[in-house]
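So you can see what is in the structure, the chains are spelled out below.
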Amino acid sequence: MATAPEQFANVPEVVIRPMRAADVPEVVAVERASYQFPWSEGIFRDCLRVGYVCRVITARREVMGYGVMSVGAGEAHVLNLCVAEGFRCRGAGKKLLICLLERAHAAGMGEAFLEVRPSNTTAIRLYQSLGFEQVGMRRGYYQAPQGREDAAVLKLVLPRSTPPPGG
Ligand SMILES: CC(C)(COP(=O)(O)OP(=O)(O)OC[C@H]1O[C@@H](n2cnc3c(N)ncnc32)[C@H](O)[C@@H]1OP(=O)(O)O)[C@@H](O)C(=O)NCCC(=O)NCCS
């Protein structure tokens, strides 16, 4: 899978690295500014505690986005992907998602799943650009200002690992 570092030509010192407990306040600030129904600080701390794949993308050490993914039983689940508003549309979201998918692939997962609001056309376009396809719909999955909103379930089949020589 290819990354798109050239899109960061004007953003020096862009790094993707594991999220640390010390990042959580900054991550939560981006989360609160980005979602109407944000995850709490405790959810991020739990994700770190249980060993989910948690990554941040930073520019000049400032957290500009993050992704959280669980892996197990052959499946990866992308649970959160978010880029701070001021850094959007520059390839950070795609770069982060590719990083998560590469991690899932390296861990031997065969498929990646995620849920997305059908109204979130920006995110859907990003997922489709990496090959995700809709495989279902969860009715009333998300909180919404008026009641509940459905979630589209998207799936990506990850490439099979090359067998070891002679294997
Ligand atoms: C979804 C999100 C993570 C995308 O991050 P981003 O850094 O802006 O995305 P990128 O710049 O990497 O763009 C990747 C692709 O997304 C699509 N995209 C991004 N911004 C878009 C826009 N404003 N309009 C249409 N498509 C857009 C394009 O397909 C783009 O690929 P391309 O540049 O090769 O055409 C970001 O918008 C975000 O954090 N939104 C709020 C939180 C959220 O909704 N998360 C997803 C929950 S399921």
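Residues numbered from 1 in each chain as written. Predicted model: local features only at pLDDT ≥ 70, side-chain atom pairs only at ≥ 80, totals over all residues.

**Description of the sheet that holds strand S4 (residues 75-83)**
Link 1 in the chain: The strand order across the open sheet built from 7 strands is S1-S2-S3-S4-S5-S7-S6, with neighbouring strands paired in mixed fashion. The sheet is open, and its two borders are formed by strand S1 (14-18) and strand S6 (133-143), each paired with just one other strand. Looking at each pair of strands side by side, their axes are set apart by 25° on average, direction ignored.
Link 2 in the chain: Direction of pairing for strand S5 (residues 111-116) relative to strand S7 (residues 148-157): antiparallel, over a ladder of 6 bridges. Looking at the pairing, Glu115 lines up with Val153 of S7. (Pairing = 2+ DSSP bridges. Helix = DSSP H or I, 4+ residues; strand = E, 2+ residues; numbered from the N terminus. Axes fitted to C-alpha atoms, helices over the stretch in contact; angles between N-to-C directions.)

**Examining the nonpolar core**
Link 1 in the chain: Within the largest apolar cluster, 40 residues are counted, with the highest numbers of intra-cluster contacts made by Val27, Met64, Leu100, Ala104 and Ala112.
Link 2 in the chain: Broken down by secondary-structure element, the contributors of at least two residues to this core are helix H1 (24-34), helix H2 (41-49), strand S2 (53-59), strand S3 (62-72), S4, helix H3 (92-106), S5 and S7.
Link 3 in the chain: It is H3 that contributes the most residues to this core, 6 residues altogether. (Core = buried A, V, L, I, M, F, W, Y, C linked by C-beta atoms within 7 Å. Buried ≥ 20, exposed ≤ 12 C-beta atoms within 10 Å, placed from the backbone.)

**Side note on the pairing of S7**
Where a strand is regular, its side chains alternate between the two sheet faces.
Link 1 in the chain: Bridge analysis of S6 against S7 gives 7 bridges, and the strand direction is antiparallel. What sits directly across from Glu133, in S7, is Lys155.
Link 2 in the chain: Where S6 folds back on S7, the antiparallel hairpin that results is connected by 4 residues, among which Gly147 adopts a positive phi of roughly 80°.

**Examining the environment of Gln134**
Link 1 in the chain: Along the polypeptide, Gln134 turns up in strand S6.
Link 2 in the chain: In this structure Gln134 comes out as partly exposed when scored by C-beta crowding, with 14 C-beta atoms within 10 Å.
Link 3 in the chain: Spatially, the C-alpha atoms of Gln134 and Ala152 are 6.6 Å apart, while their sequence positions differ by 18 residues.
Link 4 in the chain: In this structure Gln134 touches Ala152, Val153 and Leu154, once residues within four positions along its chain are discounted. (Contact = placed C-beta atoms within 7 Å.)

**Let's talk about the environment of Gly72**
Link 1 in the chain: Along the chain, Gly72 falls in strand S3.
Link 2 in the chain: Between the C-alpha atom of Gly72 and that of Ala104, which follows or precedes it by 32 residues, the distance is 9.3 Å.

**Points about the site of the ligand**
Link 1 in the chain: Of all residues adjacent to the ligand, which total 18 residues, the nearest are Arg88, Gly93, Lys94, Arg125 and Leu126.
Link 2 in the chain: When contributions to the shell around the ligand are tallied by element, the ones reaching two or more residues are S4, H3 and helix H4 (121-129).
Link 3 in the chain: Looking at the shell around the ligand element by element, the count peaks at 5 residues for H4.
Link 4 in the chain: The class makeup of the residues in the shell around the ligand is 8 nonpolar, 6 polar and 4 charged. (Near = placed C-beta within 6 Å. Nonpolar A, V, L, I, M, F, W, Y, C, P; charged D, E, K, R; others polar.)

**Brief notes about the pairing of S5**
Link 1 in the chain: Of the two faces of S5, only the one carrying Ala112, Leu114 and Val116 is buried; Glu111, Phe113 and Glu115 on the other face are not.
Link 2 in the chain: Regarding the hand of the β-α-β motif, the stretch spanning S4, H3 and S5 is right-handed. (Right-handed = clockwise from strand over helix to strand, strands pointing away.)

**Description of unusual backbone geometry**
For residues besides glycine, phi is generally negative; the peptide bonds are generally trans as well.
Link 1 in the chain: In this model, Arg61 sits at a positive phi of 70°, which is unusual for a non-glycine residue.
Link 2 in the chain: Among the structural elements, Arg61 can be located in the loop between S2 and S3.

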